[in-house]
Structure formats: C-alpha cells, structure tokens
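# Results of the structural survey
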There are 2 protein chains.
Amino acid sequence: MLKVLVTGGGGMIGQKLAAHLGVHGLNGSSVLQVTLADIGFPDDGAPGIETVANVAETGTMSRLAAGCPDVIFHLASVVSGEAEQDYAKGWDTNMSPMWELLEALRERHEASGGEYVPRVVFTSSIAVFGGPFPDRIGDGFLTAPQTSYGAQKAVCELMLGDASRKGWVDGISIRLPTVCVRPGKPNRAASGFFSGIIREPLNGEEAVLPVEDTVRHWVSSPRAAVGFLLHAANLDTSRLEGRRSLNMPGISCTVAEQIEALGRAAGADAVRLVRREPDPEIMKIVSTWPRDFEPTRAIKLGFRAERDFDQIIRIYLEDDYVIR
Amino acid sequence: MLKVLVTGGGGMIGQKLAAHLGVHGLNGSSVLQVTLADIGFPDDGAPGIETVANVAETGTMSRLAAGCPDVIFHLASVVSGEAEQDYAKGWDTNMSPMWELLEALRERHEASGGEYVPRVVFTSSIAVFGGPFPDRIGDGFLTAPQTSYGAQKAVCELMLGDASRKGWVDGISIRLPTVCVRPGKPNRAASGFFSGIIREPLNGEEAVLPVEDTVRHWVSSPRAAVGFLLHAANLDTSRLEGRRSLNMPGISCTVAEQIEALGRAAGADAVRLVRREPDPEIMKIVSTWPRDFEPTRAIKLGFRAERDFDQIIRIYLEDDYVIR
C-alpha cells in the first residue's frame, strides 16, 4: 500500500489532487493511504485522512513524517500577499517546515538503515525569479526573488536539493505558474485577480482588476497543476541530473488577452463586469513577477500545460463552474 | 565611533581584515570598536575585542547583535570539505546563524523605531554554482549548488536579500573566488591544495596535489578578498538594484598554469616538490566547482582582483611569506 502525505491538503490544489488520487491512484498503485494535513478542510472534501495540523508549529512536520509516507506532496504555504504583509508568519510557514520535514525524514532514513527514501514533491513558484527579466526566462536564469514568498520558496528548493543529493529523500521542486482560474472565493494571494476577472464575470458578478490591462503573466490551470504534481511524483529523478528545480510550462498572456478570451467564452456582458481599480500595493508585487518562460527541460521531461487561455477557461467551466 | 563586528574574526580573512581596520579604519572613520567573534584566536592576533563564541550555538548571534554594530562582516563558516562530511554541523554553522542574526537585527531595528539599519557583508562563495557551466559564468546564471556548503551559502544570500529588501538591514553577499595563497597550515577546505601547492614548495616542503593539472579554477588573493569586504562595507547599495549577491572578480587559471607561475617565482626545485596523489573525494567536489566568470556587475561597482597568478604569488610573498 502506497502511503501518500499531502500538506496543504485542504487547499484548492490539495483537494483536487486528493480527488484525483481517490479515483486514479498514484504511480500505478490503486491502493493508497492518503493523509491530508491542513489547518482546515472544506465540508464534503475529497477522500483522505483529514489531519488538522499547522505546519508552522514546531513538531508538526516531524509528526507527519513519522508515518514514513512513500510520497509527500508539500503544498502547505502562506500565499504571496500574506507573506509580504506578515514577514515572520511567511518564513515560519513557508520555510521552517521544509527544514523540519527534511530533518525528520533524515532520521527516518537512518532508522531504516538507508532503505526509506521518500519522494518529496514541493510546489515552488515562479516567484523565485525577480527582474530585470529577459523576454523569455530560460532554465539557466538566476533566482533573485523580489518578494518574501519567492525567497522562501527558493530557500526550500535549495534545502530539498541538498537533502536529495545526499540521498535520504528523492525530491523535486516544481515552479508553478500562477494557477488560474481558481474556483471558489478569492484568497489573499496578490495574484488572485487573475482568477477573479474570469470567475466572477462568468457568474454575472463584478470583478476588480487592480493592475493595467497590459500586464503579462505566466499561467496554467488547476488541472495542469495537479498534472504537474502527479508527473513529478512518478518521474525518474536521475533525469534531473542534479538540478531538482524545474520551471513548469504555462501560457504567457496579457490581462487584455485574458479578457478577450472571456468575451469569446461569455460575451460582452461578462467583459463589462471587469472593473478597473488600480491597487498600488498589488501593482508593485505583480510588477516583480516574470512574464514569459522557455521551460525546455520540463517539456522534455514530459510536463504539459494548456495551449491557450481559451482552453484554460474551458477547463474551469468543465471542472469547477458552479452556477451561484 | 563606528562599531564593527566580525564573525569568524579569528580566521585567516578575519584576522587580515582586523589588521587592516586597526591601521586604516573603515568607511572614512578611524575611531572604531572592532569585535572579533570566533571559537578561537591566534596568539598575538590582530587588534580587536576577542569574543570566544560559537555561532552555531543558539543565542550566540543574538548576543553579538545586541551591541547594535554599525557594520557586520559575517565570515564565520564551516569549510566546504567539513560541511560535506558533517551535514548537520554544516547547516547548523553555515545557515542557522544567518537566520538568527537577521531576526536579532530586526528586533534591534524595531526597538530603535526604524533608525538602526546595519550594513551586513556576507562572505558567500562561488560554490553556490553547480554544473553544467557555460565557458564563462555571467551575472545572470542560476545557483544550482552541488555541495552542502554551496547550498548553505545560497540560502543565506536569499535570507539576507529579503531582509535587506524589507529594510532592517542593508546587506550584500560577496561570492568569493577560492582564496589563494592562504598562509599557515592547511584547513579542511577541499580547495586547500590550491594554496598548498604554492605555499609548501616556497618553503622547500613537499605539497600534495590531489587533482589533475588540467583542473581550471577561479581564484583571488587574501589581499583581494579583504579588499572586497572593505569595498562592500562602503558601497552605495542602491546601485545593486535589488540584486544583493555579487560574483567577485578573480583569475581563471589551471593548476598547470599555477605551477608554471611557481616555477617563475621559485625555480624548478620548487616545482619538483609538487607531488601528484589523486584523491577521488576531493576530485569529486572540485569537479562541481565553476572555472571561469564574467563578473561584469562587480567590476562596474568597483571591486578589483589580481591581473594574473604571478601577482597572486607576489602578494603572498609580500604579505604572508615566513621562512620556516
């Protein structure tokens, strides 16, 4: 039986991942024990053993690791806007638990006589990059984050990379594009509007756009994000050749292009529901984010995203659209 | 009075830095209070208040920061070979103290009502880079370290960069080339032989060369390294434009070229004292190190190194040569 741990298992991606695991299994195994750890869970959530746990509290990660999961999806995180506003909380939640997890896994590895080497899939982010940017960011571009969130993710990548090189975990960090269209309520991520300007108008509700229409960004769907996680869990990591952080594929498009796609999907009435209300704080954060990538390695390794933003909207309508 | 703290102040670079400060002052100020923190000090050491302290022990960095130094040179570190052999000691010494220092400085900053913003100069290393490498490493190349030492240095850079962006320290990380020729006894650094093959033969003693003559590496003198530190302490950090980690200038040369320079300085008898004794462990570590750089930013910002390896040998003879 394959034991799977998902931190952040109550969140949007964690729940979609758990739902997938419940139906399809993982890495060819259909008999799974899936533990979902989070500070809270939706009513009627996806299948799995729900464990209420705050990864930022010392001891939580050790406790979760004690069960020797075969595959760990470490998704738990404070989002970018919150990490920027609350420095201590950001580092305590986004950095310290990775260190504690790796130390706990080292102990388990040693206790097993070197037998136990879990796969750890970490959701990093394109926020590890900071400008000035080339037109397209290649796989060899430096990580010079301009947000605390990005710095925390980059630190975790380094820790996971080193522990993997030493051999008591088999880790991979996937740098997610901004995930869009997120279902449900807005969260505190500075990137939340990328979902809001599509999701709200599809429901006949007004959405606030806090940045210029010319803002270009790198996005992929929640379905693609879950696909990245599953692919990372099953990847032959020797193919990574020691570079265990990967820029994921996505779509580069402007807010204007996204709104055009909204128009094609839902008409001019929907488009009129996007209200411009510039927010200097959000504009400042978003201006530090990358806009376009050339994710050659990830594509060669079999990671796949959408072809265009119209497809991203279709996926939202198929997977998540609920008439309110 | 300018208060200066040097962690690793008992080490080779720390002592040279302290000796310089004693004679020349810092940043135009000749009235200094220099605190040197280290686990030990040489007899007849450089001027400064010697504080016996192990940065790896919790509370040490907070205690050192409590005096609100204006300039902090954070040099204390376990060397690469030791960090590779003793994983826990490496992370505890090379990473955790940086976090504790920054948290202590944040507290001091807040207690001062935002007045106190110390300059922090951190000695990072070209070990933050891992192969495969381009012929020359540019300023935009990714940090994919292949040693624990490199990973630890890269993590510290990210922490210092984020704290600096938030504004309670004014930090700069300088990525030192391998420093050569080191005076005195060999240390446990895997790079120690780069100094040994020059220093020992100059004294008529045999030196072991554990790698191939074709190995190419990036080096600068101790004098240049102290110069980098002093320049970093006085730099207008707004010129860094948010990228606070800098590749320092140096010289790219092969072991063969270094031995040729030794011959020009000390004759064929000295050259014959270099004994080839390949060490697979050291060859493995060294093979992961970068060989050549194009440190455009650092040069533009006024950092200066030597012109050739002959000059590096001359500097050793001028600054450190002692007939044994």
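Being a predicted model, the structure only gives us computed values, none of them experimental. (Residues numbered from 1 in each chain as written. Chains lettered and ligands numbered in written order. Predicted model: local features only at pLDDT ≥ 70, side-chain atom pairs only at ≥ 80, totals over all residues. Heavy atoms only, no water.)

### Observations regarding the overall build of chain A
Regarding its fold elements, chain A presents 13 helices and 12 strands. Rg of the C-alpha trace for chain A: 19 Å, near the compact-globule value of 20 Å for 324 residues, within the 12% margin. The dimensions of chain A, computed from C-alpha atoms along their principal axes, are 65 × 45 × 40 Å. Counting over 324 residues, chain A shows a buried share of 59%. Relative to all contacts within chain A whose residues are 6 or more apart in sequence, the contacts with residues 24 or more apart total 79%. (Helix = DSSP H or I, 4+ residues; strand = E, 2+ residues; numbered from the N terminus. Rg over C-alpha atoms; globule rule 2.2 N^0.38 Å. Buried < 20%, exposed > 50% of the residue type's maximum accessible area, 1.4 Å probe, protein only. Contact = heavy atoms within 4.5 Å.)

### What about the domain arrangement of chain A?
All names here are of chain A. The assigned domain composition of chain A is domain 1 (2-177 + 221-247) and domain 2 (192-217 + 251-319). For the pairing of domain 1 and domain 2, the buried interface totals around 2500 Å² over both sides, and the portion due to carbon and sulfur atoms is 59%. Ranking the residues of domain 1 by area buried against domain 2 places Arg136, Asp139 and Arg223 at the top, with a combined share of 23%. Seen at the junction of domain 1 and domain 2, the total is three salt bridges. In this structure, arginine 223 engages glutamate 318 in a salt bridge whose closest nitrogen and oxygen atoms are separated by 2.8 Å. Where domain 1 packs against domain 2, one counts 12 residue pairs in polar contact (both at pLDDT 80 or more). Elements with a contribution of two residues or more to the side of domain 1 that touches domain 2: helix H3 (80-85), strand E6 (170-176), helix H8 (222-233) and strand E10 (245-247). When its residues are assigned to classes, the side of domain 1 that touches domain 2 shows 13 nonpolar, 10 polar and eight charged. (Domains from an automatic or database assignment. Buried area = accessible area lost by both parts, 1.4 Å probe. Salt bridge = Lys/Arg side-chain N within 4 Å of Asp/Glu carboxyl O. Polar contact = N/O pair within 3.5 Å; in protein donor to acceptor, adjacent residues only side chain to side chain. Nonpolar A, V, L, I, M, F, W, Y, C, P; charged D, E, K, R; others polar.)

### Comments concerning the packing of aromatic side chains
The geometry of two aromatic rings is summed up by the distance between their centres and the angle between their planes. Going through the model one piece at a time under the given rule, you end up with 22 aromatic pairs over all chains. Ring plane angle 90° and centroid distance 4.5 Å describe the contact between tryptophan 168 of chain A and tyrosine 87 of chain B, whose orientation is recorded as edge-to-face. Taken as a pair, tryptophan 168 of chain A in the loop between helix H6 (148-166) and E6 and tyrosine 87 of chain B in helix H4 (residues 87-94) lie in two separate chains rather than in one. Here tryptophan 168 of chain A falls in the buried class, since its relative accessible area comes to 7%. Arranged with centres 6.4 Å apart and planes meeting at 70°, the rings of tyrosine 316 of chain A and tyrosine 321 of chain A form a pair that is edge-to-face. With relative accessibility at 3%, the residue tyrosine 316 of chain A sits in the buried group. Feature note: the residues Phe129, Phe133, Phe141, Trp218 and Phe293 of chain A constitute an aromatic cluster, connected by ring pairs. (Phe/Tyr/Trp six-rings, centres within 6.5 Å; stacked < 30°, edge-to-face > 60°.)

### Things to note about the sheet that holds strand E9 (residues 216-220) of chain A
Residue and element names in this part refer to chain A. Strands sit in the order E7-E9-E11 across an open sheet of three strands; the sheet is mixed. The open sheet is flanked by strand E7 (178-179) and strand E11 (251-254), the only strands paired with a single partner. As judged from the two bridges shared by E7 and E9, these two strands associate in the parallel manner. The residue of E9 that forms the bridge with valine 179 is serine 220. (Pairing = 2+ DSSP bridges.)

### What about the sheet that holds strand E5 (residues 119-125) of chain B?
All names here are of chain B. Here seven strands make up an open sheet; going across it, the order is E3-E2-E1-E4-E5-E6-E10 and the pairing parallel. Where the open sheet ends on each side, the last strands, each with one partner, are strand E3 (49-52) and strand E10 (245-247). Averaged over all pairs of adjacent strands, the angle between strand axes in this sheet comes to 20°, irrespective of strand direction. Pairing geometry for strand E4 (residues 71-74) and E5, over four bridges, is parallel. Residue pairing in the sheet places isoleucine 72 in a bridge with valine 120 of E5. Against the sheet, helix H1 (residues 12-24) contacts strand E1 (2-7), strand E2 (32-38) and E4, and its axis sits at roughly 170° relative to E2. Along the sheet, helix H6 (residues 148-166) makes contact with E5, strand E6 (170-176) and E10, crossing E5 at roughly 155°. (Axes fitted to C-alpha atoms, helices over the stretch in contact; angles between N-to-C directions.)

### Describing the nonpolar core
Core analysis: the largest hydrophobic core is formed by 82 residues, its most contacted members being Met159 of chain A together with Met159 of chain B. With residues up to four places along the chain from it excluded, the contact list for methionine 159 of chain B reads Trp91 and Met95 of chain A together with Met95, Met98, Trp99 and Leu102 of chain B. (Core = buried A, V, L, I, M, F, W, Y, C linked by side-chain atoms within 4.5 Å.)

### Points about a nonpolar patch on the surface
A cluster of nonpolar residues, Leu317, Tyr321 and Ile323 of chain A, forms a patch on the protein surface that exposes about 280 Å² of accessible area. Here leucine 317 of chain A shows up in helix H13 (residues 309-319). (Patch = residues over 30% accessible without salt bridge, like charges linked within 9 Å, V, L, I, M, F, W, Y side chains within 5 Å. Areas by Shrake-Rupley, 256 points an atom, 1.4 Å probe, with all protein chains shown as cover.)

### Focus: the interface of chain A and chain B
A common way to report how large an interface is uses the accessible area buried once the components associate. In this complex, chain A contributes 33 residues to the contact, which on the side of chain B involves 33 residues. For the pair chain A and chain B, the summed buried area comes to about 2900 Å², and 57% of that belongs to carbon and sulfur atoms. When the buried surface of chain A facing chain B is broken down by residue, Tyr87, Leu158 and Arg243 of chain A rank first, second and third, together holding 25% of it. Run the count over chain A and chain B and you get four salt bridges. Summed over the shared surface of chain A and chain B, the result is 22 residue pairs in polar contact (both at pLDDT 80 or more). The dominant element in the side of chain A that touches chain B, judged by the number of residues it contributes, is H6 of chain A, at 10 residues. Counted by class, the side of chain A that touches chain B contains 17 nonpolar, eight polar and eight charged residues.

### Description of the relation of the copies chain A and chain B
Note on the chain copies: they are related by a rotation about an axis and a translation along it. Of the transformation placing chain A onto chain B, the axial shift is 0.0 Å and the rotation is 180°, giving an RMSD of 0.0 Å. The superposition operator between the copies reduces to a two-fold rotation axis. Minimal C-alpha separation from the rotation axis in chain A is found for leucine 142 of chain A, amounting to 1.9 Å. A shared binding surface is used by both copies, with 100% of the interface residues of chain A retained as interface residues in chain B. (Least-squares fit on C-alpha atoms with pLDDT ≥ 70 in both.)

### Side note on the confidence of the model for chain A
Residues of chain A with pLDDT of at least 70 account for 100%, and the chain-wide mean is 96. Quick note on the complex model: pTM equals 0.96, ipTM equals 0.95. (pLDDT = per-residue confidence, 0-100.)

### Looking at unusual backbone geometry
Along the chain, cysteine 180 of chain A connects to valine 181 of chain A via a cis peptide bond; the corresponding omega equals 10°. For valine 181 of chain A, the position within the fold is in the loop between E7 and helix H7 (192-202).

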